[in-house]
Amino acid sequence: MQKFKSDFMNEMQIRGFINQCSDIDTLDNALLKPSVAYLGSDPTADSLHVGHLVPVMMMRWFQKFGHKPILLVGGATGHIGDPDKDVERPLLTSETIAKNCEGLKKSYSKFLNFSDKSSNCAIMEDNYNWFKDINYLSFLRDIGVVVSVNKLINLDRIKKRLDQDLHLSFLELNYPLFQSYDFLMLHKLYGCSLQICGADQWGNAIGGIDLIQRKAGKDAFVLTAPLLTTSSGKKMGKSEGNAVWINEDKASSYDYYQFFRNVEDSMVGKCLRLFTELPIDEIEKLEQLKDSEINEAKKILAFEATKICRGIDDAEKAQQTAVETFEMGKIGADLPVCFIQNGLSIIDVLIETKMASSKSEARRFVEQGAVKLADNKIDNFNDLINISDDVILSVGKKNKTVLKLK
């Protein structure tokens, strides 16, 4: 394991945050002094989800070590959309983008300090501020002239679309150029010399380094975080297409807690390092737990991760609800609640409670024997649900919702 000079890089390495870096030794030296880094997100939704959190936690540590974080929301680039590997992203309205930007600011504020007047207080920026009045002809002559189309078309996402003869609009081809310009503008405005991002943004981010060198004659760096996947290869943070959201209006603290409580055994140590601030020596002890004892480590992971995102009060309530539900056989106070009418089919109830994302998935749960009403297994997906009192509907051992009669 490499020994770094800067505290930040040592912490990132021991916790497993480092995926790729443009010039790791020079960056390490630069971080011996207070530095500025940015993390960007386009407003494709009105909240971050768990899948976004690895680079967000990197920014949290960056601030803890005395550096200044900038959180950039893409009010401008949200009008374009980062080219997807397979299809063109749907265009969002200006109203939707504005609403989503506000939601992203709420998400970031849970993990970083924007409120004090210290030199490393976090800043929220919106790239719409410098793109809204830009003259396209001037932009092309100033920026377009130094950007290589050869490099653009060899970026992974763009190359795949071209190789498969999939439609790629000229609008989308502008996206990497815009992201590079964001880095240049943040360098000019704030002295920002580092972009932190997910591994899938490496190609877009590298263009910003080149632009800063050409236009400002200064060094800049990119540091990417690993993309976490489950043993099946699915990105962590999403479950059958349903994201585990950061903001309270999108997901309860109990749901957030349960996501971490239910991670695969093989992921517990990694998640403790990435999503909590527990000391490494304590994490190393928890990583030694095996078999049924690993559940104690999962409880600690769920509590510590929820405490960071939702606060200690919500973490304690979520923990208590889990104890009441799974260890005491009660209806926990913070379990998700769904009001239903009698006479609905179990398929419709699973959809309405969002315990299944589609009718086919709901049928599969029933066929697998995973669905229970109270302690009674439901074997027929044509069964109609009729209740008189509050009752727990379960899918598997962990996914539970309280049904109440309208």
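Keep in mind the model is a prediction, meaning the values are calculated, not measured.

Asks: Explain the overall build of the chain to me, please; I cannot follow it from the model alone.
Replies: Along the backbone of the chain there are 18 helices and 15 strands. Relative to a compact globule of 406 residues, whose C-alpha radius of gyration would be 22 Å, the chain shows 23 Å and is just as compact. In terms of its C-alpha atoms, the chain occupies a principal-axis envelope of roughly 70 × 50 × 40 Å. Of all 406 residues assigned to the chain, the portion counted as buried reaches 49%. In the chain, of all internal contacts separated by at least 6 residues, the share reaching a separation of at least 24 is 73%. Per element, the accessible surface of the chain, about 19,600 Å² overall, is 49% carbon and sulfur. Of the side chains in the chain, 51 bear a positive and 56 a negative charge, and the two mean positions are spaced by 2 Å.

Asks: Explain the sheet that holds strand S3 (residues 68-73) to me, please; I cannot follow it from the model alone.
Replies: The strand order S1-S6-S5-S2-S3-S4 describes an open sheet built from 6 strands, whose pairing is mixed. With one partner strand each, in any of the chains shown, strand S1 (20-21) and strand S4 (123-126) form the two edges of the open sheet. When S3 meets S4, the two strands line up parallel, connected through 4 bridges. Paired with Ile70 across the two strands is Ile123, which belongs to S4. Running over the sheet, helix H10 (residues 175-190) touches strand S2 (36-41), S3, S4, strand S5 (194-198) and strand S6 (221-225) and is turned about 145° from S2.

Asks: Hey, could you run me through the pairing of strand S9 (residues 337-340) in this one?
Replies: Regular strands have side chains that alternate between both faces of the sheet. The side-chain alternation of S9 yields one buried face, formed by Cys338 and Ile340, and one unburied face, formed by Val337 and Phe339. As judged from the 4 bridges shared by S9 and strand S15 (residues 399-405), these two strands associate in the parallel manner. Looking at S15, one finds that Ile340 is bridged to Leu405.

Asks: Any chance you could explain the pattern of salt bridges here in plain terms?
Replies: A side chain of one charge can pair with a side chain of the opposite charge when the charged atoms of the two come close. Counted under the stated rule, the structure contains 15 salt bridges. The salt bridge involving Lys250 is made with Asp46; its shortest N-O contact spans 3.1 Å. Taken together, the residues span a long stretch of sequence, with Lys250 in the loop between strand S8 (242-243) and helix H12 (253-261) and Asp46 in the loop between S2 and helix H3 (53-64) at a distance of 204 residues. The class for Lys250 is partly exposed, based on a relative accessible area of 33%. We note a salt bridge from Lys298 to Asp265, for which the minimum N-O separation is 2.6 Å. Of this pair, Lys298 sits in helix H15 (residues 294-310) while Asp265 sits in the loop between H12 and helix H13 (268-275), placing them 33 residues apart in sequence. A network of salt bridges, in which partner residues are shared, links Asp46, Lys99 and Lys250.

Asks: Honestly, the packing of aromatic side chains in this entry has me stumped. Any pointers?
Replies: By convention here, two paired aromatic rings are described through the distance between centres and the angle between planes. Tallied over the full model, the rule gives 11 aromatic pairs. Measuring from centroid to centroid gives 6.3 Å for Phe131 and Phe139, while their planes differ by 70°, and the two rings are edge-to-face. When the ring of Phe131 is compared with that of Phe178, the centres are 4.3 Å apart and the planes differ by 10°; the resulting orientation is stacked. Of this pair, Phe131 sits in helix H5 (residues 128-131) while Phe178 sits in helix H10, and the two are 47 residues apart along the sequence. Here Phe131 and Phe178 have matching classes, each one buried. Among the aromatic residues, ring-to-ring pairing joins Phe131, Phe139, Phe178 and Tyr181 into one connected group. Geometry around Trp245 places Lys250 over its ring, the cationic atom sitting 4.4 Å from the centre.

Asks: Is there a simple way to explain the sheet that holds S9 in this structure?
Replies: In any sheet, the strands associate via hydrogen bonds between backbone groups, in a parallel or an antiparallel arrangement. One open sheet holds the 5 strands; their spatial order is S9-S15-S14-S11-S12, and the pairing between them is mixed. At either end of the open sheet lies a strand with only one pairing partner, and these are S9 and strand S12 (376-377). Both strand S11 (residues 371-373) and S12 contribute to a ladder of 2 bridges, which runs antiparallel. Among the inter-strand pairings, Lys372 is bridged to a residue of S12, identified as Lys377.

Asks: How should I be thinking about the confidence of the model for the chain in this particular structure?
Replies: Detailed reading of the predicted model is not advised wherever pLDDT is low. When pLDDT is averaged along the chain, the result is 88; 94% of the residues meet or exceed 70. The weakest mean pLDDT in the chain belongs to strand S7 (residues 238-239) at 51; the strongest belongs to H3 at 98.

Asks: I keep staring at the packing of H12 against H15 and nothing clicks. Help me out?
Replies: A pair of packed helices is captured by two measures, namely the crossing angle of their axes and the spacing between those axes. Interhelical geometry of H12 versus H15 gives an angle of 140° and a closest axis separation of 8 Å. Between H12 and H15, the angle is such that the two are oblique. Between H12 and H15 lies a crossing of right-handed hand. Seen from H12, the contacting residues are Ser253, Tyr256, Tyr257, Phe260 and Arg261; seen from H15, they are Asn295, Lys298, Lys299, Leu301, Ala302, Phe303, Ala305, Thr306, Cys309 and Arg310.

About the thresholds
Along every chain, residues carry numbers that run from 1 in the direction the sequence is written. Totals for whole chains, interfaces and linings use every residue, but because this is a predicted model, local features are given only for residues with pLDDT of at least 70 and side-chain atom pairs only at 80 or more, for both listing and counting. As a rule here, side-chain values cover all heavy atoms of the structure and leave hydrogens and water aside. Counting from the N terminus, the helices are DSSP H or I runs at least four residues long and the strands are E runs at least two residues long. In this description the radius of gyration comes from C-alpha coordinates, and the expected globular size is given by 2.2 Å times residues to the power 0.38. We call a residue buried when its accessible area falls under 20% of the maximum for its residue type, exposed when it is over 50%, and partly exposed in between, using a 1.4 Å probe and counting protein chains only. Contact definition: two residues touch when any of their heavy atoms are within 4.5 Å. Only the protein chains shown count as covering a residue, and every accessible area follows the Shrake-Rupley method with a 1.4 Å probe. Charged residues are defined narrowly, with Lys and Arg counted positive, Asp and Glu counted negative, and His plus the chain ends left uncounted. A charge is said to be at NZ when it belongs to Lys, at CZ for Arg, at CG for Asp and at CD for Glu. DSSP calls a pair of strands paired once it identifies at least 2 bridges connecting them. Axes here refer to lines fitted to C-alpha atoms; in helices the fit is confined to the stretch in contact. Angles between the N-to-C directions go from 0 to 180 degrees. Note on definitions: salt bridges are taken to be side-chain nitrogens of Lys or Arg within 4 Å of carboxyl oxygens of Asp or Glu. Aromatic pairing here means that ring centres of Phe, Tyr or Trp (its six-membered ring) are within 6.5 Å. Orientation follows from the plane angle: under 30 degrees is stacked, over 60 is edge-to-face, and everything else is tilted. Whether a charge lies above a ring is judged from NZ of Lys or CZ of Arg, which has to be within 6 Å of the ring centre and within 35 degrees of the ring normal. What pLDDT conveys is the predictor's confidence in a given residue, as a value from 0 to 100. Note on angle classes: values under 35 degrees are labelled roughly parallel, values over 145 roughly antiparallel, values of 65 to 115 roughly perpendicular, and the remainder oblique. The crossing is said to be left-handed when, going from far helix to near helix, the turn is anticlockwise and less than a right angle, and right-handed when the turn is clockwise.

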